[in-house]
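Overview (structure and organization)
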Amino acid sequence: MAEYKLNTPLTDEDIEQLKAGDVVFLSGTIYSARDAAHKKLVELLDAGKELPFELEGSAIYYVGPSPAPPGRPIGSAGPTTSYRMDTYAPRLHSLGMKASIGKGKRSDEVKAAMKEYKGVYFGATGGAGALLSNSIVESTVIAFEELGPEAVRKMKVKDFPLLVINDCHGGELYVKPRLDTVG
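Residues numbered from 1 in each chain as written. Predicted model: local features only at pLDDT ≥ 70, side-chain atom pairs only at ≥ 80, totals over all residues. Heavy atoms only, no water.

Residues Thr 8 and Pro 9 are joined by a peptide bond in cis, for which omega reads 0 degrees. Here Pro 9 lies in the loop between strand 1 (3–7) and helix 1 (12–16). If you check the backbone angles, Lys 118 has positive phi at about 60 degrees while not being a glycine. Positioned with a positive phi, Asp 159 is a non-glycine residue whose angle comes to about 50 degrees. With respect to the helices and strands, the residue Asp 159 is situated in strand 7 (residues 152–166). The class for Asp 159 is partly exposed, based on a relative accessible area of 24%. (Helix = DSSP H or I, 4+ residues; strand = E, 2+ residues; numbered from the N terminus. Buried < 20%, exposed > 50% of the residue type's maximum accessible area, 1.4 Å probe, protein only.)

Have a look at this one:
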């Protein structure tokens with residue numbers, strides 16, 4: 001397990017060095033999008049229109065943040081369950097997206113796309129949205145404002161703490177729960 005400080009936009013070289021279980025502190029610009037926003041992004045692509053942000057080298061955080069309290073750029077910003085974006089993720093990887101950030105497992109199709117297009121899936125700590133929001137230093141809605149918290153946001157992050165769950169080599173971090181500890 002290694003530790004990296006990376007900046008967006010991410011490159012093939014950035015992604016290729018990562019292995020499942022590595023810790024990454026990500027800085028730069030990331031974008032928020034959940035399932036409703038992903039659907040709209042794909043509709044734009046299907047219509048031959050431009051997306052509201054550059055996919056090449058991008059990282060998309062699956063988050064619907066709470067309203068920003070006074071003096072803060074964003075409210076609590078914990079990850080959303082990622083499988084809801086699995087229908088859309090392979091296409092976005094094929095167009096240059098390098099990373100997705102969320103919680104939970106990914107489909108075989110998403111894992112195959114990460115291998116083919118050199119992508120990575122980062123896990124963010126579920127239940128720690130208030131803590132994670134401390135690494136978000138700027139946040140601006142850039143598309144689909146009508147979606148409220150699920151609008152696409154451009155966010156500037158500084159040392160955003162992440163864990164590599166799926167790497168581009170087929171590695172996967174998964175901890176099977178122990179049934180003898182439940183109850």
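Right, let's get into the packing of aromatic side chains. This model, assessed by the stated rule, comprises two aromatic pairs. Ring plane angle 15 degrees and centroid distance 4.1 Å describe the contact between Tyr 31 and Phe 53, whose orientation is recorded as stacked. One end of the pair, Tyr 31, is in strand 2 (residues 23–32); the other, Phe 53, is in the loop between helix 2 (35–46) and strand 3 (59–61), with 22 residues separating them in the sequence. Measuring from centroid to centroid gives 5.2 Å for Tyr 61 and Phe 160, while their planes differ by 70 degrees, and the two rings are edge-to-face. (Phe/Tyr/Trp six-rings, centres within 6.5 Å; stacked < 30°, edge-to-face > 60°.)

Turning to the pattern of salt bridges, a few remarks are in order. Throughout the structure, instances matching the rule amount to 12 salt bridges. A salt bridge links Asp 46 to Arg 91, with the shortest nitrogen-to-oxygen separation between them at 2.5 Å. Note that Asp 46 is positioned in helix 2 and Arg 91 in helix 3 (residues 89–94), a separation of 45 residues in sequence. With relative accessibility at 56%, the residue Asp 46 sits in the exposed group. Residue classification places Arg 91 among the partly exposed residues on the basis of a relative accessible area of 32%. (Salt bridge = Lys/Arg side-chain N within 4 Å of Asp/Glu carboxyl O.)

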